[in-house]
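A structural walkthrough
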Amino acid sequence: MRASDKAYAALREDIIEWRLAPGTVLAEVEQSERLGVSRTPVREALSRLSAEGLTTAAGGRGVVVTDISLDDIDELFELRETLEGKAAALAAERGERGIFAQLHAELLDAPAMLNDGDPARRDYYALVGRLDDAIDEAISNSYLAQAMRSLRVHLVRVRRLAADDAGRLHAAAAEHAAIAEAIASGKPKLAEAATILHLYRSLSHLKATHTPH
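Computed from a predicted model, the values in this text were never measured in an experiment. (Residues numbered from 1 in each chain as written. Predicted model: local features only at pLDDT ≥ 70, side-chain atom pairs only at ≥ 80, totals over all residues. Heavy atoms only, no water.)

**Some points on the environment of Glu-96**
We count it as follows: The way it works is that DSSP assigns letters per residue, a run of H or I at least four long becomes a helix, a run of E at least two long becomes a strand, and they are numbered from the N terminus.
Of note, Glu-96 is situated in the loop between α4 (70–94) and α5 (97–108). Each C-alpha atom of the pair Glu-96 and Ala-134 lies 9.2 Å from the other, and the pair is 38 residues apart in sequence.

**Some details on the packing of aromatic side chains**
The cut-off we apply is this: Pairing of aromatic side chains requires ring centres within 6.5 Å, counting the rings of Phe and Tyr and the six-membered ring of Trp. Pairs whose planes differ by under 30 degrees are stacked, by over 60 edge-to-face, and all others tilted. To sit over a ring, a charge needs its Lys NZ or Arg CZ within 6 Å of the ring centre and within 35 degrees of the ring normal.
Considering all chains together, one arrives at 1 aromatic pair under this definition. A cation over an aromatic ring shows up here: Arg-48 above the ring of Tyr-8, its NZ or CZ 3.7 Å from the ring centre. Here the basic side chain of Arg-157 rests over the ring of Trp-18, its NZ or CZ set 5.5 Å away from the ring centre.

**Let's talk about helix α2 (residues 28–35)**
Counting along an α-helix, one turn takes 3.6 residues, and residues three or four places apart therefore face a common direction. Selection rule: Relative accessibility decides the category of a residue: with a 1.4 Å probe and only protein chains considered, values under 20% of the type maximum give buried, values over 50% give exposed, and everything between is partly exposed. Directions drawn from the helix axis to the C-beta atoms are what define this arc.
What α2 keeps buried is the set Gln-31, Ser-32 and Leu-35. With its buried residues spanning 100° around the axis, α2 presents them on a single face. Looking at the residues trailing α2, positive phi occurs at Gly-36, about 75°.

**Brief notes about the pattern of salt bridges**
So the rule is basically this: By convention in these notes, a salt bridge is any Lys or Arg side-chain nitrogen within 4 Å of a carboxyl oxygen on Asp or Glu.
Summed over all chains, the structure comprises 17 salt bridges. Of the charged contacts, one joins Arg-201 and Glu-175 as a salt bridge, the two residues approaching to 3.6 Å between their closest N and O atoms. Here the residue Arg-201 occupies a position in helix α10 (residues 188–209), and Glu-175 occupies one in helix α9 (residues 166–184), the gap between them amounting to 26 residues. Judged by relative accessible area, Arg-201 falls into the partly exposed class, the value being 41%.

Below is the structure:
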């Protein structure tokens, strides 16, 4: 792995996982020492992170980690509804039904993953990630897929703002299963509606349980 890629991956993960909180100044010298690379790769990594909206220049303070406010969350979900609703509809029209039928079956079993004692729910989020990847592949639209991938970076950060609620996670798993089922059935309008319903409930939960960092 190139040094700039290593620095980018490490900083990106630290920001997404809130180990580097909003407002944190990312000084090149300090980060190069922390990551074990020279300043040039760190500078390149910070440029990539700024392009993604994870960092920004802050006058004389240098580069800082961007914040996420409730207003930002509203805007993100407005964009999610437009992009993900359309993507689900296209996947229902163009996707291989067997793939989504299998994902539907696995998502119906998701409660077992949520009750397996792993507080990070790695297996569950990996399954949801596979649904996202399957939709990206099915839509056959590289521009739309790239837009959604860029958006998901911020959504992982947003997820950390909501209270950890087992009931909501189980409901979300059922909502994802409904999306997969609609796509597998080749029903674009139903897939879009299921996606929009899931987003509405996710946003409502997030606002109700928002915990500022």
